[in-house]
Amino acid sequence: MRKMADHFAVFVLGLLAVFAVSLFTLYSYSNIRKQHVIVTVATLIAWYSSFIIVFILPLDISATKYKQCQKDHNCSLENSNNIHETDPHHGFLANMTTVSSPSSCPCVEPWSWVPQTVLSVFWKIVYWGAQVLTWLVLPIMNSYASAGEFTVIGKLKSAIIANLIYYATYVVIFCICLIYLATQPYVTIDLENLKVIGITASNTWGLFLLVLLYGYGLVDIPRSIWQSSHTLYMLQQTYFKVAKVTMEYSEAQEKYDDTLEDVRRSVEVIKYNHPFRKYVDTILSKCPEDFRRSLRRNDDYVDYNEQDCSIPTEKSLIKMHINVMTTMRNYTRTQSQKETLLHKAIQLEDDIANQNSSNRYYKRSTGEYNGYLKFLYSPRLEWWWRIVVRSLLLKVFAVTLGVFSAMVVWSECVFFISKPVMSLFAIFINGLGKSHSAYVSIEIISILVLAYLCVCAYRTVFKIRVFNYYYVASNHQTDENSLLFSGMLLSRLTPPLCLNFLSLIQLDSHVTKDNRVLETEYTKIMGHMDVISFIANGFNVYFPIAIVLLCCATIFKLGSRLLHCIGFEQFIDDDISQEIVDEGKSYVQREKIKSARSRDQLQRRTALQNSIRRSELGNKSSASITDWNNYKSCDSTSNSKIIAVWLCLHPFLFSHCLMLFFCILIHFYLLLFQNKIFY
């Protein structure tokens with residue numbers, strides 16, 4: 001039991017670690033405080049179920065290799081009762097009781113062994129939960145969040161209508177597979193085959209999208225990291241982005257002003273006693289606080305019985321509601337992006353200015369570093385990191401990922417060849433599996449490969465932009481619609497990504513045509529697509545070869561050049577791009593001058609306030625000294641007055657004191673005189 005507890009500790013720690021990563025990623029992109037709780041929970045579940053495969057699938061692979069070792073050494077049958085003893089009186093808990101293997105079996109149990117029943121239940125929850133999210137829940141929530149209706153029923157109706165086309169594509173694929181299945185005389189249409197058709201249609205759509213994302217991500221990630229090591233190139237690219245974002249911000253600001261003006265007119269026309277006033281109040285709740293305060297409150301009663309053409313209709317208010325939500329989102333996002341890119345451009349300019357520093361001290365144009373590590377991050381250390389070490393590490397990392405991408409592309413082209421084994425990842429996993437105890441190495445390699453594949457696919461999902469409808473932006477600038485859409489895409493990509501990885505390491509017996517190969521619990525849950533042979537043996541096997549063509553197109557930037565030709569400006573080495581770069585550079589210089597003036601004014605204002613404060617303190621101190629002197633003089637004067645009054649009131653005492661004083665003087669005089677005579 002203690003050993004089983006250790007195994008489950010690893011399993012639970014992995015789940016918690018992935019949950020922490022998912023929560024941090026969601027926090028970085030979304031605005032949790034302002035968005036709806038249901039949107040946050042649904043997106044977190046979708047992202048978590050997509051990220052969890054990086055950790056759980058390698059555990060399933062190591063467990064499968066352990067069972068394969070038992071089968072190859074003819075010890076699986078004798079250990080079947082020892083590994084999982086089933087007690088009909090205890091049921092599921094009895095299946096999780098692990099007993100040590102006999103000494104006759106050379107196979108060593110993995111350190112992260114998870115019982116078969118647990119993995120089976122876990123994969124069912126992850127897979128079917130992701131399918132329900134991606135095909136039913138998230139699309140409806142996505143359309144519901146962007147709907148402009150003012151009632152729940154109206155939003156649901158609009159969401160269902162908006163998703164009819166979306167569901168129609170899935171129904172078409174399902175019907176094509178069903179018609180093909182009906183034409184096959186050796187296949188019967190039953191519930192199990194219908195489930196296979198549904199899984200096949202979903203995985204086919206997901207695999208098509210996955211290959212497109214691979215073709216871009218496998219090239220773009222190493223190239224982006226390599227370009228990040230060249231400061232001058234990154235500065236030119238940042239200038240280009242600054243110019244584009246500035247234009248987008250200007251357009252968003254104009255639309256922002258026009259939209260608020262339309263809302264102002266509607267507020268002035270629709271008074272509090274109109275039935276549409278509650279709709280106007282809903283629209284106002286989406287407007288900025290300053291704008292709401294600027295509106296003049298008018299509670300005058302107006303008779304709306306007569307027909308008035310100036311009153312907006314409900315449909316026009318719905319359009320205005322959608323326009324307000326879209327405008328506010330774009331305005332806030334472009335403003336945040338502009339500030340981020342300006343900061344990045346200034347940082348890159350500082351890097352170039354400090355490259356030829358003789359004393360190797362990093363000097364910032366915006367002042368000293370005030371981050372969390374300001375006590376350790378000295379100017380000399382910052383110079384070595386930003387000018388020397390960082391560039392070298394980025395180049396090494398880019399070359400490493402480039403080699404990794406080449407290995408993935410090669411394995412995608414040859415994973416269906418089992419004799420001889422040509423997939424590089426299958427060679428690594430199979431070679432380690434023969435040692436009977438190298439399960440840690442198997443899990444590490446599987447985690448690294450899966451993590452890189454997920455980054456290539458998921459990063460593209462986070463990077464692509466579909467006009468202003470879908471755009472995932474960092475710094476808490478992603479709207480609810482984009483969050484739900486990203487969760488929908490990730491949930492749809494997860495099953496084909498897992499199946500594709502299992503094919504790369506040749507753990508799918510229906511791909512390798514080797515019945516001796518045991519399959520993972522995930523493959524048992526997913527099943528096989530042999531019912532539809534042209535997809536199982538054709539599309540799923542040979543379509544990944546298209547990654548080669550897509551990677552070549554990405555290397556030569558064919559997509560960017562095509563967008564550039566049709567009017568969407570891209571960062572390409574030509575005269576138009578250079579003009580945009582120069583425009584961005586001039587804008588950065590203007591912003592630097594403006595920020596420098598602001599800093600100077602702030603410094604002068606601070607110095608003036610400090611001088612005034614010091615003068616006030618000086619005046620207070622001099623005033624306090626004068627008051628003390630006045631107090632002393634007043635005190636002595638008052639004391640003398642008191643004594644004079646007292647003496648006037650006691651004349652006899654004054655005469656006695658005077659006589660006593662003269663007697664003392666005479667006494668001392670006589671003493672001195674006697675001493676003189678004596679001596």
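Residues numbered from 1 in each chain as written. Predicted model: local features only at pLDDT ≥ 70, side-chain atom pairs only at ≥ 80, totals over all residues. Heavy atoms only, no water.

Chemist: Would you take a moment to explain the state of the cysteines for this structure?
Modeler: A covalent bond between the sulfur atoms of two cysteines is referred to as a disulfide. Scanning the model with the defined rule gives one disulfide in all. With its sulfur 1.9 Å from that of its partner, C69 forms a disulfide with C107. Across the disulfide from C69 to C107, rotation about the S-S bond amounts to roughly -90°, and the bridge is consequently left-handed. Residue C69 is located in helix α3 (residues 53–72), and its partner C107 is located in the loop between α5 (92–95) and α6 (116–146); the two are separated by 38 residues in the primary sequence. Of the two residues, C69 and C107, neither departs from the other in class, the shared state being buried. (Disulfide = S-S within 2.5 Å. Helix = DSSP H or I, 4+ residues; strand = E, 2+ residues; numbered from the N terminus. Buried < 20%, exposed > 50% of the residue type's maximum accessible area, 1.4 Å probe, protein only.)

Chemist: What am I meant to see in the nonpolar core here?
Modeler: Burial of nonpolar side chains together is a common tendency in soluble globular proteins. I56 and W123 are the most contacted members of the largest nonpolar core, which has 93 residues in total. A per-element tally of this core places helix α17 (residues 480–504) first, with 13 residues. Residue contacts for I56: discarding those within four places in its chain leaves F11, L15, L119, F122 and W123. Counting residues in each nonpolar core, the second largest holds 21 residues, with Y256, V267, Y279 and I318 among its members. (Core = buried A, V, L, I, M, F, W, Y, C linked by side-chain atoms within 4.5 Å. Contact = heavy atoms within 4.5 Å.)

Chemist: Explanation requested: the layout of surface pockets in the structure shown.
Modeler: Remark: the empty space left among the atoms is shown by a probe the size of a water molecule rolled over them. When its volume is computed, the second largest pocket comes out at roughly 1,200 Å³. Forming the walls of the second largest pocket are 33 residues, and the residues nearest its centre are K34, Q35, K286, M325 and E480. When contributions to the lining of the second largest pocket are tallied by element, the ones reaching two or more residues are α2 (37–51), α6, α7 (152–162), α13 (314–353) and α17. By residue number, the principal contributor to the lining of the second largest pocket is α13, which donates eight residues. Each residue belonging to the lining of the second largest pocket can be placed in one class, and the counts come to 13 nonpolar, 13 polar and seven charged. (1 Å grid on protein atoms, 1.4 Å probe; cavity = no way out; pocket = protein on both sides within 12 Å on 5 of 7 lines; lining within 4 Å. Points joined across faces, edges and corners; volume = space filled by probe spheres on them. Nonpolar A, V, L, I, M, F, W, Y, C, P; charged D, E, K, R; others polar.)

Chemist: I keep staring at a nonpolar patch on the surface and nothing clicks. Help me out?
Modeler: On the surface, W384, W385, V388, V389 and L393 cluster together to form a nonpolar patch covering roughly 410 Å² of accessible area. For W384, the position within the fold is in helix α14 (residues 379–414). (Patch = residues over 30% accessible without salt bridge, like charges linked within 9 Å, V, L, I, M, F, W, Y side chains within 5 Å. Areas by Shrake-Rupley, 256 points an atom, 1.4 Å probe, with all protein chains shown as cover. Salt bridge = Lys/Arg side-chain N within 4 Å of Asp/Glu carboxyl O.)

Chemist: Teacher, can you tell me more about a negative patch on the surface here?
Modeler: Together, E251, E254, D257 and D258 make up a region of like negative charge exposed at the surface. Its location among the elements puts D257 in helix α10 (residues 231–269). (Lys, Arg positive; Asp, Glu negative; His and termini not counted. Charge placed at Lys NZ, Arg CZ, Asp CG, Glu CD.)

Chemist: Looking at this model, I keep getting lost on unusual backbone geometry. Mind explaining?
Modeler: Most of the time, phi is negative for any residue but glycine, and the peptide bond is trans. In the segment running from K419 into P420, the intervening peptide bond is cis, with an omega of -5°. Relative to the helices and strands, P420 is located in the loop between α14 and α15 (424–433). The residue N475 is not glycine, and still its phi comes out positive at about 60°. The residue N475 is located in the loop between β2 (470–471) and α17 in this model. Accessibility expressed as a relative area gives 38% for N475, which makes it partly exposed.

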